[in-house]
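Structural characterization, general
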Amino acid sequence: LMQVADYNKIALHSPYQDITKADIIRKGVELGVDYADTWSCYKGGDVSCGRCGTCVERTEAFYNNNLSDPLYDERGWNEAVDFMKQELEKRDEEM
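Residues numbered from 1 in each chain as written. Predicted model: local features only at pLDDT ≥ 70, side-chain atom pairs only at ≥ 80, totals over all residues. Heavy atoms only, no water.

Another point: the pattern of salt bridges. Inspection of every chain in the model, using the stated rule, returns six salt bridges. In this structure, Glu 57 and Lys 21 form a salt bridge, with 3.8 Å as the shortest nitrogen-oxygen distance. Remark: Lys 21 occurs in helix 1 (residues 21-31) and Glu 57 occurs in helix 2 (residues 53-63); sequence separation between them is 36 residues. With its nearest N and O atoms 2.5 Å apart, the salt bridge here joins Asp 69 to Arg 58. Here Asp 69 is found in the loop between helix 2 and helix 3 (74-94), whereas its partner Arg 58 is found in helix 2, with 11 residues between them in sequence. (Salt bridge = Lys/Arg side-chain N within 4 Å of Asp/Glu carboxyl O. Helix = DSSP H or I, 4+ residues; strand = E, 2+ residues; numbered from the N terminus.)

This is the structure we're talking about:
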């Protein structure tokens, strides 16, 4: 439990802290989330950029669930997956 300035006790729940983004996608699918109505891109705009960190993480989460992200058409999805794989390879090389 936590206490704030007025000393009332509050409970802080963080159910997604210890699970992966792929787990979150999987849970959302189980709950019937329409991911076409969700947005992750840091850059905004009419379409996801597919390049920023959160787009790459979102692509990886869908990919790891053998799903395509409904924000992309087939070509856009394939490009996002290719870019994600390149970014993950770069990250692995840096480690």
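What follows continues from the structure just given.
This brings us to unusual backbone geometry. Leaving glycine out, the prevailing phi sign among residues is negative, and the prevailing peptide bond configuration is trans. Phi is positive for Asn 66, close to 55°, though the residue is something other than glycine. Mapping Asn 66 onto the fold places it in the loop between helix 2 and helix 3.

With that settled, consider the side chain of Ser 48. Structurally, Ser 48 is set in the loop between helix 1 and helix 2. Among the residues examined, Ser 48 registers a relative accessible area of 11% and is labelled buried. Setting aside anything within four residues of it in sequence, one finds Ser 48 in contact with Trp 39, Cys 41, Cys 55, Leu 71 and Tyr 72. (Buried < 20%, exposed > 50% of the residue type's maximum accessible area, 1.4 Å probe, protein only. Contact = heavy atoms within 4.5 Å.)

The subject of this paragraph is the packing of helix 2 against helix 3. One way to put it is that helix 2 packs onto helix 3 with a least axis distance of 9 Å and a crossing angle of 105°. Taken together, helix 2 and helix 3 sit at an angle that is classed as roughly perpendicular. Here helix 2 contributes Val 56, Thr 59, Glu 60, Phe 62 and Tyr 63 to the contact with helix 3, which in turn contributes Trp 77, Ala 80, Val 81, Phe 83, Met 84, Lys 85, Glu 87 and Leu 88. Each residue belonging to the contact of helix 2 with helix 3 can be placed in one class, and the counts come to nine nonpolar, one polar and three charged. (Axes fitted to C-alpha atoms, helices over the stretch in contact; angles between N-to-C directions. Parallel < 35°, antiparallel > 145°, perpendicular 65-115°, else oblique. Nonpolar A, V, L, I, M, F, W, Y, C, P; charged D, E, K, R; others polar.)

What characterises a pair of aromatic rings is the spacing of the ring centres plus the angle enclosed by the ring planes. Tallying each qualifying case throughout the model produces two aromatic pairs. When the centroid spacing of 5.3 Å and the interplanar angle of 85° are considered together, the rings of Tyr 35 and Phe 62 count as edge-to-face. Taken together, the residues Tyr 35 in the loop between helix 1 and helix 2 and Phe 62 in helix 2 connect sequence positions 27 residues apart. There is no split in this pair, since Tyr 35 and Phe 62 are both buried. Considering the side-chain rings of Tyr 72 and Trp 77, the 6.2 Å spacing of their centres and the 45° angle between planes classify their relative orientation as tilted. Overall, the relative accessible area of 16% leaves Tyr 72 in the buried class. In this structure Trp 77 comes out as buried when scored by relative accessible area, which is 10%. When the ring centre of Phe 83 is taken as reference, the NZ or CZ atom of Arg 51 above it lies at 4.2 Å. (Phe/Tyr/Trp six-rings, centres within 6.5 Å; stacked < 30°, edge-to-face > 60°. Lys NZ or Arg CZ within 6 Å of the ring centre and 35° of its normal.)

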